[in-house]
Amino acid sequence: MSRRPESTNAIDCSDLVIDRIGHGMPTRAVDGVTFSLAPGGLICVAGPTGSGKSTLVAALAGSTDPSVKVVGGSAQVCGVDVRRPGRKHRILTYRTGFVPQGAGADLPPRLTVNEVIAEPILVRERKVNTKALSIRVATLLDELHLPLGTAAKFPYELSAGMRQRVAIARSFVLEPRVLIADEILANLDLEVRPVVFDAITRRRKEQGMAALLVTNDADFIRELNAETLMLRGGHVVARGVGRDLLWVPNAESDSRR
């Protein structure tokens, strides 16, 4: 049996099917989603509550949530088979920066901000140059317009918007090949949003980082000039750039009812 060649894209999905496993029967959350994301590329995923957006990105980021199960189709993220990652799960989470929904509110409460941001490195490396790591953390704090004194604080001492930026800094610390973020703008003031926009754009241009972002913020999508996947009921019902969405038959009329 021949092995599937490793994809050169950051993400390749083909007829991906994902179930949500609860106490009752499994629920089909994502049904037949197909798309590709090239290195340095950007796709925004939009859609109403319950459309499957969060389930899709959680599975692609290698979530260990037992309620999320890929049951059909295929998906490769940074060359790793998401459906059966095996020992490569560690590689998947190394190459992927993930900002889950509510990330700012779920920061480890007993760690300082410095430890929170550095944790993805500390759990992988036995010997770490602490000075170099502190400089990397300080650089990320500065880039995201957080005071350097923030490093010594605990998450509960920060505002919701500051905690969200700490979560974003954490996702950047390993210099990922792809950023997967669910509502990355949550709790951010309008004046801070361009800071996050610039951080993503800089990495796309300088490092070839791809980005898959869940957001229903139409202004943000237009500012990024992003390709958009519109989900409804687990299906892609429209795709395109900006306002130029190509809808599947009857999907646009159904959305206006």
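Here, every reference points to the structure presented above.
### A look at the sheet that holds strand β9 (residues 227–232)
- Pairing within the open sheet is mixed, and its seven strands lie in the order β6-β7-β8-β3-β9-β10-β11. A single partner strand is all that each edge strand has here, and the edge strands are β6 (96–99) and β11 (244–247). Across the sheet, the axes of successive neighbouring strands diverge by a mean angle of 20 degrees, strand direction being ignored.
- Bridge analysis of strand β3 (residues 42–46) against β9 gives four bridges, and the strand direction is parallel. By the bridge assignment for β9, Ala46 is matched with Met230.
- Where helix α5 (residues 160–172) meets the sheet, its contacts fall on β6 and β7 (178–182), and the angle it forms with β6 comes to roughly 165 degrees.

### Some details on the packing of helix α3 (residues 113–122) against helix α4 (residues 130–143)
- At a minimum axis separation of 10 Å, α3 and α4 run at an interaxial angle of 120 degrees. In terms of their interaxial angle, α3 and α4 are classed as oblique. As α3 packs across α4, the resulting crossing turns out to be right-handed. Counted together, Val113, Asn114, Ile117, Ala118, Ile121 and Leu122 of α3 and Leu133, Ser134, Arg136, Val137, Leu140 and Leu141 of α4 form the full contact between these two elements.

### Topic: unusual backbone geometry
- Even without being glycine, His145 reaches a positive phi, approximately 60 degrees.
- Locating His145 in the fold gives a position in the loop between α4 and α5.
- The phi dihedral of Asn225 is positive, around 55 degrees, even though this residue is not glycine.
- Mapping Asn225 onto the fold places it in the loop between α7 (218–224) and β9.

### A closer look at the packing of aromatic side chains
- Here the structure, examined in full by the defined rule, presents one aromatic pair.
- Measuring from ring centre to ring centre gives 6.0 Å for Phe154 and Tyr156, while their planes differ by 15 degrees; the resulting arrangement is stacked.

### Brief notes about the packing of α3 against α5
- Interaxial distance between α3 and α5 falls to 7 Å at its minimum, and their mutual angle equals 30 degrees. With respect to their mutual orientation, α3 and α5 come out roughly parallel. Regarding α3 and α5, the two cross each other, and that crossing is right-handed. Note on element contacts: α5 touches α3 through Val166, Ala169 and Arg170, opposite Val113, Val116, Ile117, Glu119 and Pro120.
- When its residues are assigned to classes, the contact of α3 with α5 shows six nonpolar, no polar and two charged.

### Looking at the side chain of Thr228
- Along the chain, Thr228 falls in strand β9.
- On the basis of relative accessible area, Thr228 is assigned to the buried category, the value being 4%.
- Apart from residues lying up to four places away in sequence, Thr228 is in contact with Cys44, Ala46, Ile221, Ala238, Arg239, Gly240 and Leu245.

### Some remarks on the layout of surface pockets
- Here the largest pocket is characterised by a volume of approximately 760 Å³.
- In terms of lining, the largest pocket is formed by 30 residues, of which the most central are Ala61, Phe98, Val99, Pro100 and Arg170.
- Those elements that place two or more of their residues in the lining of the largest pocket are α1 (53–60), α2 (89–95), β6, α3 and α5.
- Its residues placed into classes, the lining of the largest pocket shows 13 nonpolar, 10 polar and seven charged.

Scoring rules and cut-offs
- Residues numbered from 1 in each chain as written.
- Predicted model: local features only at pLDDT ≥ 70, side-chain atom pairs only at ≥ 80, totals over all residues.
- Heavy atoms only, no water.
- Pairing = 2+ DSSP bridges.
- Helix = DSSP H or I, 4+ residues; strand = E, 2+ residues; numbered from the N terminus.
- Axes fitted to C-alpha atoms, helices over the stretch in contact; angles between N-to-C directions.
- Contact = heavy atoms within 4.5 Å.
- Parallel < 35°, antiparallel > 145°, perpendicular 65-115°, else oblique.
- Left-handed = near helix turned anticlockwise from the far one by under 90°.
- Phe/Tyr/Trp six-rings, centres within 6.5 Å; stacked < 30°, edge-to-face > 60°.
- Nonpolar A, V, L, I, M, F, W, Y, C, P; charged D, E, K, R; others polar.
- Buried < 20%, exposed > 50% of the residue type's maximum accessible area, 1.4 Å probe, protein only.
- 1 Å grid on protein atoms, 1.4 Å probe; cavity = no way out; pocket = protein on both sides within 12 Å on 5 of 7 lines; lining within 4 Å.
- Points joined across faces, edges and corners; volume = space filled by probe spheres on them.

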